[in-house]
Amino acid sequence: MADIAVIGAGYVGLTLAVGAASMGHDVTVGEADPDRVADLMAGHCPLFEAGVGDLLREGLASGLLTFTTSNTDAVTAAEFVFLALPTPSAADGSANLSVLHAVVDELAPHLGERVLVLKSTVPVGTNRDVTARLRAADCTAPVVSNPEFLREGTALADFMRPDHVVVGGDDAEAIAQVAALFDPDCPVTATDPMSAELVKYATNAYLATRVMMANSFADLCEALGADIDAVTAGLGRDHRIGPFFLQPGPGFGGSCFPKDARALLDLAADHGLDVPILAAAVKVNADRQERMAEAVLAEVAGVFEPVVGLWGLAFKAGTDDTRESPALRIGELIADRGATVQAYDPEAVAGDSIRLCDSALDAATGADVLVVATEWPEFAGEDLTEVAEAMRGDLVMDLRNLLDPEAVRAAELRHRQIGKPEQE
Ligand code: UDX
């Protein structure tokens, strides 16, 4: 077992820290925000992610997990120093690396021969830049890129049982050590730093494009009277394609796909290159949310003081995250046009223009149209007869194809789904 420092107790850093401690590694987390450190030391998990809170408390109890506001203290005993720092989008779409650079400069005099591991998603070339920064400060620590592929909602499971591990660096021994740290049986792509960094962007770009394709096929199904479920089932059974990431919906969102797509496009442009299919995915995705908001507004066009019920605000089920959430964006676009939007989400909260409700039934009460925007399983279990009685109108726009069409029909509601003929 190793001594590990994790710098940054955000989503990625915290999942890594509690997961590593649960495997028996000795983990010290450096986090700049003193309130967050106090919360974590008291066993309060600041984010909603399955299993992380329990492992946090186990790690504190076993003594294998500690938190400090001092990054230099965090690295003192460490053999490996993982950087899991925020890299937000700058105005031009590129990733803002100022926090990462500041921490590298701060740690350079204290790293010695410790292995510095870049976990945050960073532009291709960052490993070499960080290495140059360290060398300029007379630090000889090897730098290894080890991108994360954690999905929100299943981050811990993804950490414990990854499909694969990518490690890139110029020091073969250091990359082998990092690869061996967590799951020795997992397939490893050991490569140069640039390629390791690009794998992360390529994965998210590819998956975002897949979702965009599935959504475009769903639009075609609606226009042609075909059924998207049959189309994606057939697509997914071709082993060259596979069945995952073909679920149509209101578009991709979250903290990674949109941001990483913009960062990759920015990076390509810096090298005089275009990635037209990715640019199209970003544009089609943004347009889609506007189109969906328009479709809802068209349904209430003649209604005096229209009310729209919104089920879901998070960008997907299983998280309270509303960053670049299609559900939130669609709700805000509708509210901006003067309709009352009343929303319920089991975990996420709304912006100012949306009225937050305490239950799914509350959000449906008095609504002219009910929009299902996030695929929380509990929405599928709602009593739709009760919902129908509470609504003013009778249309459910199911942007996730979540509700059982039979149950919607039995409640005498009209059901509009993505990529399917309308059920009257
Ligand atoms: C993603 C990557 O999967 C993960 O590997 C990376 O490290 C971080 O970004 P996450 O943002 O948690 O994870 O969400 P993910 O489950 O991948 O979904 C991304 C978006 O695509 C969501 O808005 C989701 O609703 C949408 N999506 C996904 C679909 O619309 N259809 C699908 O079939 C799959």
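Look a little higher up for the structure.
Notes on the structure follow. (Residues numbered from 1 in each chain as written. Predicted model: local features only at pLDDT ≥ 70, side-chain atom pairs only at ≥ 80, totals over all residues. Heavy atoms only, no water.)

Strands sit in the order β3-β2-β1-β4-β5-β6-β7-β8 across an open sheet of 8 strands; the sheet is mixed. Looking at the sheet topology across the chains shown, the edges are occupied by β3 (65-68) and β8 (188-191). Within the sheet, the average angular offset between the axes of one strand and its neighbour, ignoring direction, is 20 degrees. In this structure, strand β1 (residues 3-7) lies alongside strand β4 (residues 80-83), joined through 4 bridges in parallel fashion. Residue pairing in the sheet places V6 in a bridge with F82 of β4. (Pairing = 2+ DSSP bridges. Helix = DSSP H or I, 4+ residues; strand = E, 2+ residues; numbered from the N terminus. Axes fitted to C-alpha atoms, helices over the stretch in contact; angles between N-to-C directions.)

With that out of the way, let us pick up the site of the ligand. Within the structure, the ligand sits among 19 residues, and E152, Q247, G253, C256 and K316 are positioned closest to it. L246 is positioned with one of its backbone polar atoms (N or O) 3.2 Å from an oxygen atom of the ligand. In isolation the ligand exposes 660 Å². Once the protein is present, 92% of that is buried. (Near = heavy atom within 4 Å. Polar contact = N/O pair within 3.5 Å; in protein donor to acceptor, adjacent residues only side chain to side chain. Areas by Shrake-Rupley, 256 points an atom, 1.4 Å probe, with all protein chains shown as cover.)

This next bit is on helix α8 (residues 172-180). Listing the buried residues of α8 in full gives A174, I175, V178 and A179. Each buried residue of α8 sits inside an arc of 135 degrees when the element is viewed along its axis, so together they form one side. Residues of α8 that are exposed and point over 90 degrees away from its buried face: A172 and E173. The secondary structure elements touched by the buried residues of α8 are β4, β5 (115-118), β6 (143-145), β7 (165-169) and β8. Where α8 begins, the capping side chain belongs to D171, and its oxygen is found 3.1 Å from the backbone nitrogen of E173. (Buried < 20%, exposed > 50% of the residue type's maximum accessible area, 1.4 Å probe, protein only. Arc of directions from axis to C-beta. Contact = heavy atoms within 4.5 Å.)

All right, on to the pairing of β5 then. Side chains V115 and V117 of β5 all project onto a buried face; the interleaved residues L116 and L118 project onto the opposite face, where all are buried too. Sheet topology places β4 next to β5; 4 bridges connect them, and they run parallel. The partner of V81 across the bridge, within β5, is L116. For the segment spanning β4, helix α5 (residues 98-111) and β5, crossover handedness is right-handed. Pairing of β5 with β6, which is carried by 3 bridges, proceeds in the parallel orientation. Its bridge partner lying in β6, L118 is registered against S145. (Right-handed = clockwise from strand over helix to strand, strands pointing away.)

Attention now moves to the packing of aromatic side chains. The tally for this structure, following the rule as stated, stands at 6 aromatic pairs. When the centroid spacing of 6.0 Å and the interplanar angle of 70 degrees are considered together, the rings of F252 and F257 count as edge-to-face. Given a relative accessible area of 6%, F252 falls into the buried group. Residue F257 is classed as buried on the basis of its relative accessible area, which comes to 12%. Counting every residue linked through ring pairs, the aromatic cluster contains F82, F159 and F182. (Phe/Tyr/Trp six-rings, centres within 6.5 Å; stacked < 30°, edge-to-face > 60°.)

A few words now on the environment of D321. For D321, the location among the structural elements is in the loop between β9 (307-311) and α13 (326-336). Look at D321 and you get buried, because its relative accessible area is 8%. With 128 residues separating them along the chain, D321 and P193 place their C-alpha atoms 30 Å apart. Setting aside chain neighbours within four positions, we find D321 in contact with E152, S255, A314 and F315. In this structure the side chain of D321 is engaged in a polar contact, spanning 2.8 Å, whose partner is the side chain of R323.

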